[in-house]
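Residues per chain are reported as follows:
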Amino acid sequence: MKWTYMENMNIKRIDIDEVDSTNNYIKNLISSGLSLPGFTLVVARHQTAGRGMRGNSWKTQPGKNVIFSLLCHPDFLMANRQFLMSEMIALSIFHACAEYVADVSIKWPNDIYCGDEKVCGILIECDLNGKYVSNCILGCGVNVNQTEFESDIPHPTSLMLKSGRLIDREEVLASIIRHFCKYYIMAENGDWDAIDKEYFGSLYRCVGMHRFEDESGVFNAAIERVEPGGHMLLRDETGLLRRYEFKEVKFVFD
């Protein structure tokens, strides 16, 4: 394990060779009572038990990808607006990936896609203190130089597969953190609407009618908007507005 400091916003960085989950690692640090700064970044060369939002596993090859968790303490953020953290980290990775490949988008709620394939998964875990967020752990796995996948995550790809070249992982990570610092300052300053607007404009299939599936079956709809709490509103072909939480609806791929 190596401890360093990053210039941006006094981020304390911890580098480890192998871990079950970088989110778990940070939760163990918190449980141990260790005093942590405003931002703590844990970066792993290899993660053996990465988790996705829906309980999916996130398997990676050692030294091929960008695997990290970032702990922050956004105590200015109300609990009913914690989805803003998801928007901020998704936009940060969206912009970092767009420096290397084309056709990047954010698939609601926070997967990063290149075309119709997934290049990044994000798992966010927040602790609350009354009406406000106290701790927020942003766990991210970006497929950078991996070219073969063994995972239950559908449609995986990597920046290398999409760009055709080897990519510097540290460069990608630095770009993500740089963008996140920008959005975090915006959030601290109350510029939440601008973040919401940019997030919606970056969404996968945000224009036109597309196929979705819920518990009633497959239907065609357009994304109307994403509410501040994270619910997605779809307007179907009949004009009916449908409101969904995470896991209640999925995109249908041809």
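Just so it is clear, the model here is predicted, and its values are computed rather than measured.

## Focus on the packing of aromatic side chains
Here is step 1: Per the stated rule, a full pass over the model turns up 13 aromatic pairs.
Here is step 2: Geometrically, the ring pair formed by phenylalanine 76 and tyrosine 184 is edge-to-face, given 5.6 Å between the ring centres and 85 degrees between the ring planes. Taken together, the residues phenylalanine 76 in the loop between strand S6 (66-72) and helix H2 (83-98) and tyrosine 184 in helix H4 (residues 169-188) connect sequence positions 108 residues apart.
Here is step 3: Seen in terms of ring centroids, phenylalanine 83 and tyrosine 199 are 5.6 Å apart; in terms of plane orientation they differ by 90 degrees. Their pairing is edge-to-face. Residue phenylalanine 83 is located in helix H2, and its partner tyrosine 199 is located in helix H5 (residues 192-201); the two are separated by 116 residues in the primary sequence. In this structure, phenylalanine 83 and tyrosine 199 share a single accessibility class: buried.
Here is step 4: Chaining the aromatic ring pairs together yields one cluster made of Tyr113, Tyr204, Phe212, Phe219, Tyr244, Phe251 and Phe253.
Here is step 5: In this structure, arginine 205 is placed above the aromatic ring of phenylalanine 253, and the distance from its NZ or CZ to the ring centre is 5.3 Å.

## Quick notes on the pairing of strand S11 (residues 210-214)
Here is step 1: Here 5 bridges tie S11 to strand S12 (residues 217-226), and the two strands are oriented antiparallel to one another. Paired with arginine 211 across the two strands is asparagine 220, which belongs to S12.
Here is step 2: Between S11 and the antiparallel strand that follows it, S12, lie 2 residues.
Here is step 3: Two elements, S11 and strand S15 (residues 250-251), share 2 bridges in a ladder whose sense is antiparallel. For glutamate 213, the partnering residue across the bridge sits in S15 and is lysine 250.

## Points about the nonpolar core
Across soluble globular proteins, nonpolar side chains have a tendency to be buried as a group.
Here is step 1: Counting 65 residues, the largest nonpolar core has Phe68, Ile93 and Phe180 as the members making the most contacts within it.
Here is step 2: The element contributing the most residues to this core is H2, with 11 residues.
Here is step 3: Beyond its immediate stretch of four places on either side in the chain, phenylalanine 68 contacts Thr22, Leu41, Val42, Val43, Ile89, Leu138, Gly139, Cys140, Leu173 and Ile176.
Here is step 4: Judged by nonpolar contacts, the second largest core, of 12 residues, contains Tyr25, Leu36, Val42 and Ala44.

## Comments concerning the confidence of the model for the protein
A low pLDDT means the predicted coordinates there should not be read in detail.
Here is step 1: The share of residues in the protein with pLDDT of 70 or more is 91%, and the mean pLDDT across the chain is 91.
Here is step 2: This model gives residues 1-5 a pLDDT under 50, and the stretch forms 18 contacts once residues within four places in sequence are excluded.

## A look at H4
Helical periodicity: at 3.6 residues per turn, an α-helix aligns residues three or four positions apart in one direction.
Here is step 1: For H4, with 20 residues, the first-to-last C-alpha span of 29 Å sits near the 28 Å given by 1.5 Å per residue.
Here is step 2: The complete set of buried residues in H4 reads Val172, Leu173, Ser175, Ile176, Ile177, His179, Phe180, Cys181, Tyr183, Tyr184, Met186 and Ala187.
Here is step 3: Where H4 begins, one side-chain oxygen reaches toward the backbone nitrogen of glutamate 170, 2.9 Å away; that side chain belongs to aspartate 168.
Here is step 4: Looking one or two places after H4, you find glycine 190, whose phi comes out positive at around 80 degrees.

## Topic: the environment of proline 156
Here is step 1: With respect to the element layout, proline 156 can be found in the loop between strand S10 (132-142) and helix H3 (159-163).
Here is step 2: Among residues more than four places away in sequence, those in contact with proline 156 are Glu117, Lys118 and Phe149.

## Side note on the side chain of arginine 205
Here is step 1: By secondary structure assignment, the location of arginine 205 is in the loop between H5 and S11.
Here is step 2: It turns out arginine 205 is buried and unbridged, and the closest side chain with the opposite charge, aspartate 116, is 4.4 Å from it.
Here is step 3: Each residue touching arginine 205, except ones within four places of it in the same chain, is listed here: Asp116, His210, Arg211, Ile223, Phe251, Val252 and Phe253.

## Some points on the environment of threonine 48
Here is step 1: Looking at the element boundaries, threonine 48 is found in the loop between strand S3 (39-47) and strand S4 (50-51).
Here is step 2: With relative accessibility at 47%, the residue threonine 48 sits in the partly exposed group.
Here is step 3: C-alpha separation for the pair threonine 48 and leucine 34, spaced 14 residues apart in sequence, amounts to 24 Å.
Here is step 4: With residues near it in sequence (within four places) discarded, threonine 48 still touches Glu18, Val19 and Asp20.

## Let's talk about the packing of H2 against H4
Here is step 1: Close contact between H2 and H4 brings their axes to 8 Å; oriented N to C, the two are set at 140 degrees. The angle between H2 and H4 places the two elements in the oblique class. Seen from above, H2 lies across H4 with right-handed handedness. On H4, the residues touching Leu84, Met85, Met88, Ile89, Leu91, Ser92, Ile93, His95 and Ala96 of H2 are Val172, Ser175, Ile176, His179, Phe180, Tyr183, Tyr184 and Ala187.
Here is step 2: Across the contact of H2 with H4, the residue classes tally to 13 nonpolar, 4 polar and no charged.

Cut-offs used in this document
- Residues numbered from 1 in each chain as written.
- Predicted model: local features only at pLDDT ≥ 70, side-chain atom pairs only at ≥ 80, totals over all residues.
- Heavy atoms only, no water.
- Phe/Tyr/Trp six-rings, centres within 6.5 Å; stacked < 30°, edge-to-face > 60°.
- Helix = DSSP H or I, 4+ residues; strand = E, 2+ residues; numbered from the N terminus.
- Buried < 20%, exposed > 50% of the residue type's maximum accessible area, 1.4 Å probe, protein only.
- Lys NZ or Arg CZ within 6 Å of the ring centre and 35° of its normal.
- Pairing = 2+ DSSP bridges.
- Core = buried A, V, L, I, M, F, W, Y, C linked by side-chain atoms within 4.5 Å.
- Contact = heavy atoms within 4.5 Å.
- pLDDT = per-residue confidence, 0-100.
- Expected span 1.5 Å × (residues − 1).
- Polar contact = N/O pair within 3.5 Å; in protein donor to acceptor, adjacent residues only side chain to side chain.
- Lys, Arg positive; Asp, Glu negative; His and termini not counted.
- Salt bridge = Lys/Arg side-chain N within 4 Å of Asp/Glu carboxyl O.
- Axes fitted to C-alpha atoms, helices over the stretch in contact; angles between N-to-C directions.
- Parallel < 35°, antiparallel > 145°, perpendicular 65-115°, else oblique.
- Left-handed = near helix turned anticlockwise from the far one by under 90°.
- Nonpolar A, V, L, I, M, F, W, Y, C, P; charged D, E, K, R; others polar.

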